[in-house]
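Examining the three-dimensional arrangement
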Amino acid sequence: MTQKPITSTKCKICNEELIRFLDLGQMPIANALIKKEDLNKKEFFYRLDIGYCHSCYMVQMFTTIPYEMYLRPDENKKRNYVFFSSTSEVMKQHFKDWADEISKDYLKENSLVIDIGSNDGILLQNFDKINFKVLGIEPANNVADVAIQKGIPTIIDYMTENLAKKILQEKGKARAIASANVILNIADLNELMRCIDILLEEEGIFTFEDPYLPVILENNTYDQFYDEHVYYFTAHSIKNLVKKYNMELFDAKFQEVHGGSMRFYVKRKSNSSINISDNVNNILKKERDIGIDSGKAYNDFNDRVQKNKNELISLLKKLKSEGKRIVGYGAASKGVIVTNFCNITQELVEYISDNTPAKQGLYYPGVHIPIVPPDNFHKDNPDYALVFAWNHIKEIMAKEQEFIKNGGKFIIPFLNVQVLP
Ligand code: TMP
Ligand code: ZN
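Described in the following lines is the structure provided in the data block. Computed from a predicted model, the values in this text were never measured in an experiment. (Residues numbered from 1 in each chain as written. Chains lettered and ligands numbered in written order. Predicted model: local features only at pLDDT ≥ 70, side-chain atom pairs only at ≥ 80, totals over all residues. Heavy atoms only, no water.)

**A word on the sheet that holds strand β19 (residues 418–420)**
Selection rule: Two strands qualify as a pair provided that DSSP identifies no fewer than 2 bridges between them. Under the scheme used here, helices are H or I runs from DSSP no shorter than 4 residues and strands are E runs no shorter than 2 residues, and both carry numbers assigned from the N terminus.
Strands sit in the order β16-β15-β14-β17-β18-β19 across an open sheet of six strands; the sheet is mixed. Every other strand in the sheet has two partners, leaving β16 (371–372) and β19 as the edge strands with one partner each. When strand β14 (residues 326–329) meets strand β15 (residues 352–353), the two strands line up parallel, connected through two bridges. Pairing of Tyr329 across the sheet is with Ser353, part of β15.

**Describing the coordination of the zinc ion (ligand 2)**
Operational definition: With water omitted from the atoms examined, metal sites may look incomplete; donors here are N, O and S atoms no farther than 2.8 Å from the metal, or 3.2 Å in the case of Na, K and Ca. Note on geometry labels: four donors, all angles 85 to 135 degrees, give tetrahedral; four donors become square planar and six octahedral when opposite donors are over 155 degrees apart and every other angle is between 65 and 115; remaining cases are irregular.
The zinc ion (ligand 2) binds to the protein through Cys11 (SG), Cys14 (SG), Cys53 (SG) and Cys56 (SG), with metal-donor distances spanning 2.3 Å. What the four donor atoms of the zinc ion (ligand 2) show is an angle range of 100 to 121° at the metal, which sorts the shape as tetrahedral.

**Observations regarding the packing of helix α3 (residues 161–171) against helix α4 (residues 189–199)**
To be explicit about the condition: Between the N-to-C directions of two axes lies an angle of 0 to 180 degrees, each axis being a line fitted to C-alpha atoms and, for a helix, fitted only over the stretch in contact. Angular relationships are summarised with four words: roughly parallel below 35 degrees, roughly antiparallel beyond 145, roughly perpendicular across 65 to 115, and oblique for the angles in between. Contacts between residues were defined by any pair of non-hydrogen atoms, one from each residue, lying within 4.5 Å.
Two elements in contact, α3 and α4, have axes whose closest approach is 9 Å; the angle formed by their N-to-C orientations is 10°. What the angle tells us is that α3 and α4 run roughly parallel. Along its contact with α3, which presents Glu161, Ala164, Lys165, Ile167 and Leu168, the element α4 presents Glu191, Arg194, Cys195, Ile198 and Leu199.

**Some details on the packing of aromatic side chains**
Selection criterion: Pairs were defined over the aromatic rings of Phe, Tyr and Trp, the Trp ring being its six-membered one, requiring ring centres within 6.5 Å. Orientation was assigned from the angle between planes: stacked under 30 degrees, edge-to-face over 60, tilted for the rest. The classification of residues rests on relative accessible area computed with a 1.4 Å probe and restricted to protein chains. Under 20% of the type maximum is buried, over 50% is exposed, and intermediate values are partly exposed. Geometrically, a charge over a ring is one whose NZ (Lys) or CZ (Arg) sits within 6 Å of the ring centre while staying within 35 degrees of the ring normal.
This structure, assessed with the given rule, holds 24 aromatic pairs. Centre to centre, the rings of Phe21 and Tyr298 are 5.0 Å apart; their planes meet at 40°, and the pair counts as tilted. Placement of Phe21 in strand β2 (residues 18–27) and of Tyr298 in helix α8 (residues 296–321) is noted, with a sequence separation of 277 residues between them. As far as burial versus exposure is concerned, Phe21 and Tyr298 are alike and both buried. Here a set of aromatic residues connected by ring pairs shows up, and it is made of Phe21, Tyr52, Phe225, Tyr232, Tyr298 and Phe301. Across the ring face of Phe62, the terminal group of Arg20 is positioned such that the distance to the ring centre comes to 4.5 Å. Lys309 extends its terminal NZ or CZ atom over the ring of Phe341, reaching a point 4.2 Å from the ring centre.

**Digging into the site of ligand 1**
Defined as follows: In this text, near means that some heavy atom of the residue lies within 4 Å of the molecule or strand in question. Within 3.5 Å is the distance limit for a polar contact, defined as a pair of N or O atoms, with the added protein rule that one can donate a hydrogen and the other accept it, and that residues adjacent in sequence qualify only through two side-chain atoms. Here the term charged refers only to Asp, Glu, Lys and Arg, the term nonpolar to Ala, Val, Leu, Ile, Met, Phe, Trp, Tyr, Cys and Pro, and the term polar to all other amino acids, Gly among them.
The local shell around ligand 1 holds 15 residues, among which Lys334, Asp354, Asn355, Lys359 and Lys399 are the closest. One nitrogen or oxygen atom from the main chain of Asn355 is found 2.8 Å from an oxygen atom belonging to ligand 1. A distance of 2.8 Å separates an oxygen atom of ligand 1 from a polar side-chain atom of Lys359. In terms of residue count, helix α11 (residues 393–399) provides more of the shell around ligand 1 than any other element does, three residues in total. Residue composition of the shell around ligand 1, by class: four nonpolar, six polar and five charged.

**Description of the sheet that holds strand β8 (residues 154–155)**
Strand order in the open sheet made by the seven strands is β8-β7-β6-β9-β10-β13-β12, with mixed pairing throughout. Each end of this open sheet is capped by a strand with a single partner; those strands are β8 and β12 (247–255). When strand β7 (residues 133–137) meets β8, the two strands line up parallel, connected through two bridges. Pairing of Gly136 across the sheet is with Thr154, part of β8. Across the sheet, helix α7 (residues 278–290) lies against β12 and β13 (261–268), angled at about 75° from β12, the strand it touches most.

In short, shape yes, function no, at least from these values alone.
As structure tokens, then:
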């Protein structure tokens, strides 16, 4: 596999020319926090620009970053992923509900369920092991090992056509194939669809959920675009993608997780035992209303993003000129996008407070802002905290009452730049 990013102006699904609508400029890898001793070394940057296809409506990055650049093998050649799914109670319940729904509505006795990108087994652990068989596919060793310890059969590899054929021979076809927050990372979605075609039973379903593009557009949250995410889905683009493989979208359900996701349900066209839900047409209509199929949705977004950037920089500079001190709160990967796009360095934001020990002492890539433990922030009492982990703002405000009581204020970069309280 290549170690170099690949840039193309063509749609990765249908080979039509892409139309660029967002350019966030030169970006480092969002999760590649830097050690102090490496600050002077040359960093990797790529151009983070996004386009849509006028033919199949797939929204995608022009430059794709190969897995090796963010799923880096360590000295033992093991790949490690930074995100363990099962650390959040909300996510655990979310995946349990999904597994219950799949079991009840789509499985038969002895059915095989495959999860692509099964992480630590957060979905598969919920299936009844007596009635059903499960199989996880997960390329990152550290998270896959946790699933295997839980007794969930897991193949530590990427999903490829060769692997799909091997699974078919050894395990047979799957009644349900699921995937959460993974297929948006797979640059060759055509190969993925061939894998689904190889593995899916005649009456099987393919269900997956990923961040939903219209929510990103609506909320202005351009910080959701980053190196790991090659695609940003709509019902329009998924409908067109699966059509190429004689499959069809038969349901779509909005989920609150990850700031707003869509769970899609796909079946073979030849399978008439499942009806197409009204949700599909309703969602397609809503997408047409905002201009997903005309380009309007994307162009409006670009204007708002540029405006948002100017607003944020002006506010930070104005506060600085008044002698105020500003720090960051929550060294989320999203903040790497905001700081690099807006050129926010230590001159404007002195440091970022974060409660994750593994991040403390490291620096944001590109802009080199240091990450410090919350204790430093609490002792320091700066005037403003720019919240990069804005999705946790309720929890943050609730726990930082002392900061607020001392006159501290939070700056939230989205929807428009806001100062709270
Ligand atoms: P996330 O948005 O990807 O979940 O990242 C949130 C980051 O913010 C993570 O590094 C932990 C950090 N954080 C804090 O430092 N304090 C907090 O109260 C919360 C909620 C998150
Ligand atoms: Zn296309």
